[in-house]
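Next come the chains, spelled out residue by residue.
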Amino acid sequence: SSEHRAAQSLAWASILLYPVGLFALNGTLLTLVRGPVIHQKPTALSRATSFLHREYLPAFYYWELLEMARRFLLVGVFVIGPYHPGSMMQLALAALTCVVYLVVQAQAMPYRSAADNYLGIGCSFSLAVLFLACIFYKVATLTELQELQARMSYEQQEDFVLPAAAP
């Protein structure tokens, strides 16, 4: 109905406004305070926006934008993207995103506190492992089908079928 289309249009506008608009706003604010933050010469604006950059080393003042981008990809783009929900492509892209982010985070160590760096790396690692485990479960679910196993050779069964219990 027309009411449904109007509500749907409002929902899409809100969905786009929140993550994209907030990302653009935060990016603009961080760009404006770049010099004062990097040179550690606070201004009124850099103090007012410190909630965006105070947890990070000055060289990584923009790290919050990377966090926002990762969240937007994982819970936005990969969920409503052109992939079928629960598809292998959706899981693979999410896992790849998490692994790449983990490697960059482990190399950068962007937080001021060493404990925050290790906590962030641990959380990123857990998220990557979660998506990889989902891929394993998806493959196991497929290969446990009796119809598929009947068509697989012995070698394929040895290669692809995950035993439910250890021998």
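Our subject is the structure that appears above.
Given the structure is predicted, the values throughout are model-derived calculations rather than measurements. (Residues numbered from 1 in each chain as written. Predicted model: local features only at pLDDT ≥ 70, side-chain atom pairs only at ≥ 80, totals over all residues. Heavy atoms only, no water.)

### Details of the layout of surface pockets
To keep it simple, the criterion reads: Every definition here rests on a 1 Å grid over the protein atoms only: cavities are sets of points where a 1.4 Å probe fits but cannot get out, pockets are open sets enclosed by protein on both sides within 12 Å along at least five of seven lines, and lining residues have some atom within 4 Å of a point. Grid points are joined across faces, edges and corners, and a volume is the space filled by probe spheres set on the points. Runs of H or I in DSSP of at least four residues are treated as helices and runs of E of at least two as strands, each being numbered from the N terminus. Under the scheme applied, nonpolar residues are Ala, Val, Leu, Ile, Met, Phe, Trp, Tyr, Cys and Pro; charged residues are Asp, Glu, Lys and Arg; polar residues are all the others, including Gly.
Roughly 260 Å³ of internal volume is contained in the largest pocket. Forming the boundary of the largest pocket are Y18, P19, L22, F23, M68, A69, R71, F72, V75 and G76. Residue assignment for the lining of the largest pocket shows that the elements contributing at least two residues are helix 1 (2–32) and helix 5 (63–80). Here the lining of the largest pocket is built from residues that sort into eight nonpolar, one polar and one charged.

### Considerations on the side chain of R70
Selection criterion: Note on contacts: a residue pair is in contact if any heavy atoms of the two residues lie within 4.5 Å.
For R70, the position within the fold is in helix 5. Residues contacting R70, with those up to four places away along its chain left out, are Y101, S124 and L127.

### Comments concerning the environment of H39
The topology assignment puts H39 in the loop between helix 2 (34–38) and helix 3 (44–48). A sequence separation of 37 residues divides H39 from S2, and the C-alpha atoms of the two residues are 55 Å apart.

### A word on the packing of helix 1 against helix 5
Convention followed: Note on definitions: angles span 0 to 180 degrees between N-to-C directions of axes, and those axes are lines fitted to C-alpha atoms, for helices only across the stretch in contact. Oblique is the label for every angle not falling under 35 degrees (roughly parallel), over 145 degrees (roughly antiparallel), or within 65 to 115 degrees (roughly perpendicular). In this scheme the handedness of a crossing depends on how the near helix is turned from the far one: anticlockwise by less than a right angle means left-handed, clockwise means right-handed.
Contact pair helix 1 / helix 5: the axes reach a minimum separation of 11 Å and the direction vectors enclose 160°. With respect to each other, helix 1 and helix 5 are oriented roughly antiparallel. Seen along the crossing, helix 1 lies across helix 5 with a hand that is left-handed. Contacts from W12, P19, V20, L22, F23, N26, G27 and L30 of helix 1 reach helix 5 at L65, M68, A69, F72 and I80.

### What to know about helix 7 (residues 114–143)
As a reminder, the rule being used: Multiplying one less than the number of residues by 1.5 Å gives the expected span of a helix. Note on exposure labels: buried denotes an accessible area under 20% of the residue type's maximum, exposed denotes more than 50%, and partly exposed covers the range between, all computed with a 1.4 Å probe on protein chains only. In protein, a polar contact requires one atom able to donate a hydrogen and another able to accept it; more generally it is a pair of N or O atoms within 3.5 Å, and residues adjacent in sequence count only if both atoms are side-chain atoms.
The end-to-end C-alpha distance of helix 7 is 43 Å, a good match for the 44 Å that 30 residues give at a rise of 1.5 Å each. Looking at helix 7, one finds that the buried residues are N117, G120, I121, S124, A128, F131, I135, A140 and T143. In this structure, the buried side of helix 7 is in contact with helix 5, helix 6 (88–108), helix 8 (146–151) and helix 9 (154–160). The opening residue of helix 7 is S113, an N-cap whose side-chain oxygen sits 3.2 Å from the backbone nitrogen of A115.

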